[in-house]
Amino acid sequence: MSIQTRFHINRGDFLLDVDFTIPESGVTALFGPSGSGKTTLLRAIAGLESCRDGYLKVGDQVWHDRQKFLPAHERPLGFVFQEPSLFPHLNVRQNLEYGLKRMKETTKKVSLDRAVELLGISHLLSRRAHQLSGGEQQRVAIARALAVSPAMLLLDEPLSALDQQLKLEILPYLESLHRELNIPVLYVSHSRNEVARLADHMVLLENGKVQATGTVHELFTRLDLALTHGPKTETVIEATVSEHDEIFNLTYLDFSGGHFTVSRCQMPVGSTVRLQILARDVSLTLERQTGTSILNIFPAIVDKIAQEGSSQVTVRLRLGDLALLARITRKSAQNLNLTPGSKVYAQVKSVALLT
Amino acid sequence: MILSEHDLTALWISLKLSTLTTVILLLIGTPISWWLARTRWRYKFLLEAVVALPLVLPPTVLGFYLLIALGPHGPIGGLMEVMGGRPLAFTFPGLVIGSVFYSMPFVIQPLQEAFKSVGRRPLEVASTLRASPLDRFFTVAVPLAKSGFLTAAVLGFAHTLGEFGVVLMIGGNIPGTTQVASIAIYDHVESLAYLQAHWLSAVLLIFSFLLLIVVYALNNRFRVVKP
């Protein structure tokens, strides 16, 4: 099942012109700089933007085409705005029940209790919006959107109005949503870190146009995108916890290109984790190094090389069916005589666990 | 009894007129102010100017035109006659129609401001929570504009209570039918009955003051609850 969208929205000084298809599962990030049209696109999907020339098909249901425009209140979705936007005249419980009361009994799937428990807000139910912190308000807003058992959850930069501390407070809740509810999520963000942590797929937007769509792993390693040329270029890889080493206090993680050794993590064996590898933490050798302190060394094949200013290059490596980026000096690339197809060993100096 | 029966009747007519006018204005003013607060129509200033007209127009001018319109040869009065009724000039219903026009800005302007300050966001939130347009109007817009409704009702009421020129023009000064308190005071002064004018004036002064105290007190309380 998939979500097919096509929108042409002209706002005089801004033109959104998109046409793409994304899977109807997992978390899809609408990613791009501010002013790229992410929010407008999300609002168009929700039916909050008037748009004559549009098409939207979710699964096998057409929500919007030339003849038909399903108004927002008839679309089975949940929407979380940038600011929490709780109703100030209602308390938390009444806010949560607002949507619930307006649903058909048969479409109820997520119970209110479940939403309250997932977001950890049971102690706030009798309070009013102005008595809550920003982070608590946003958690209530997310629970309120979940309580209507949406067929799709739309989040418009739900963390951007919060400070770093509150972001860290909410991120785990968003991650658990992703794991525990099988609802496709569209997540607008301009934060690379949030996307790396939360998203499976990405729609990369710029100036109202789609630059690329694909998995986060794929887009984060595509050298033709500006995304891979910043100072914080990274590869995101999903791996499975295979074993904990109690003697050295380490954890072994399996992925399709081999296995990683990382510091002991709390995740149980069999669970999926996300790894972030900064390109500048990956070095290359022609032969497998022995007598090195580095534990994570993988055989790889050079796929592509891109110039990075005058002194550096970014090398895209193939590890099985995955890609890995390495940022090295241009001089090293020349010394090693790297060209597409070269066989190398990638030494990964440090790996960060995102989940 | 300090107030004569004649004064009490005038007070009663004033209260009846103000209450009816306020209710009618809230009923027709709500959709108009909602529309004014949300429309992007470029010529909406024209309607806003029409609504505000009674603020600057001498009441006698408004009263004069209404008198013509409501009289037997005017469009409204004529229509009434054709339909078997009688012209509305010098009747209580005529007073109500005049007051509705005269007090219109005092109801529509606070409501329009209140609806504007509610903003679009809460209504968008409601629409993503399955609320239809009418549903979200009554369950979100109206409760959030509560203080605007209170201000509109009290200002509309108090302003009608103090009306003089329009009433005199279209209602005449018929004791028991169209003689309101403000005109009764004028009559007392004309006939040099200063004591009676004092008492009736004091009643109106205290009543209006109390009304405004209630509005401002409640509005302050509402503001604390706002985000």
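Anyway, here's the lowdown on the structure attached to this text. (Residues numbered from 1 in each chain as written. Chains lettered and ligands numbered in written order. Predicted model: local features only at pLDDT ≥ 70, side-chain atom pairs only at ≥ 80, totals over all residues.)

**A look at the environment of Gly71(B)**
All names here are of chain B.
Thinking step 1. One can find glycine 71 in the loop between helix 3 (59-70) and helix 4 (75-82).
Thinking step 2. Residues glycine 71 and leucine 212 lie 141 residues apart in sequence; the distance between their C-alpha atoms is 36 Å.
Thinking step 3. Sequence-distant contacts of glycine 71, defined by excluding residues within four places in its chain, comprise Gly77, Pro87 and Ala89. (Helix = DSSP H or I, 4+ residues; strand = E, 2+ residues; numbered from the N terminus. Contact = placed C-beta atoms within 7 Å.)

**Notes on the pairing of strand 19 (residues 343-348) of chain A**
Residues and elements named next belong to chain A.
Thinking step 1. Only one face of strand 19 is buried, namely the one carrying Val344, Ala346 and Val348, since none of Lys343, Tyr345 and Gln347 on the opposite face is buried.
Thinking step 2. Bridging between strand 15 (residues 282-285) and strand 19 involves four bridges; their strand directions are antiparallel. Bridge pairing in strand 19 links valine 282 to valine 348.
Thinking step 3. As paired elements, strand 16 (residues 296-308) and strand 19 share six bridges and run antiparallel to each other. Looking at strand 19, one finds that alanine 300 is bridged to valine 344. (Buried ≥ 20, exposed ≤ 12 C-beta atoms within 10 Å, placed from the backbone. Pairing = 2+ DSSP bridges.)

**Side note on the environment of Ala131(B)**
Thinking step 1. Mapped onto the secondary structure, Ala131(B) falls in the loop between helix 6 (121-128) and helix 7 (133-144).
Thinking step 2. Judged by C-beta crowding, with 22 C-beta atoms within 10 Å, Ala131(B) ranks as buried.
Thinking step 3. Among all residues touching Ala131(B), those that are not within four sequence positions of it are His73(A), Arg102(A), Ala126(B), Arg136(B) and Thr139(B).

**Considerations on the environment of Arg127(A)**
Residue and element names in this part refer to chain A.
Thinking step 1. Examined against the element boundaries, arginine 127 turns out to sit in the loop between helix 3 (112-119) and helix 4 (134-146).
Thinking step 2. The spacing of arginine 127 and leucine 90 is 37 residues in sequence and 8.9 Å in space, taken between C-alpha atoms.
Thinking step 3. Those residues in contact with arginine 127, other than ones at most four positions away along the chain, are Asn91, Val92 and Leu132.

**As for the interface of chain B and chain A**
Thinking step 1. On the chain A side, the residues contacting the 16 residues of chain B number 20 residues.
Thinking step 2. Put simply, the parts of the chain that give the side of chain B that touches chain A at least two residues each are helix 6 and helix 7 of chain B.
Thinking step 3. Here the element with the most residues in the side of chain B that touches chain A is helix 6 of chain B; it accounts for six residues.
Thinking step 4. Each residue belonging to the side of chain B that touches chain A can be placed in one class, and the counts come to nine nonpolar, three polar and four charged. (Nonpolar A, V, L, I, M, F, W, Y, C, P; charged D, E, K, R; others polar.)

Function cannot be inferred from these measures alone, as they are strictly geometric.
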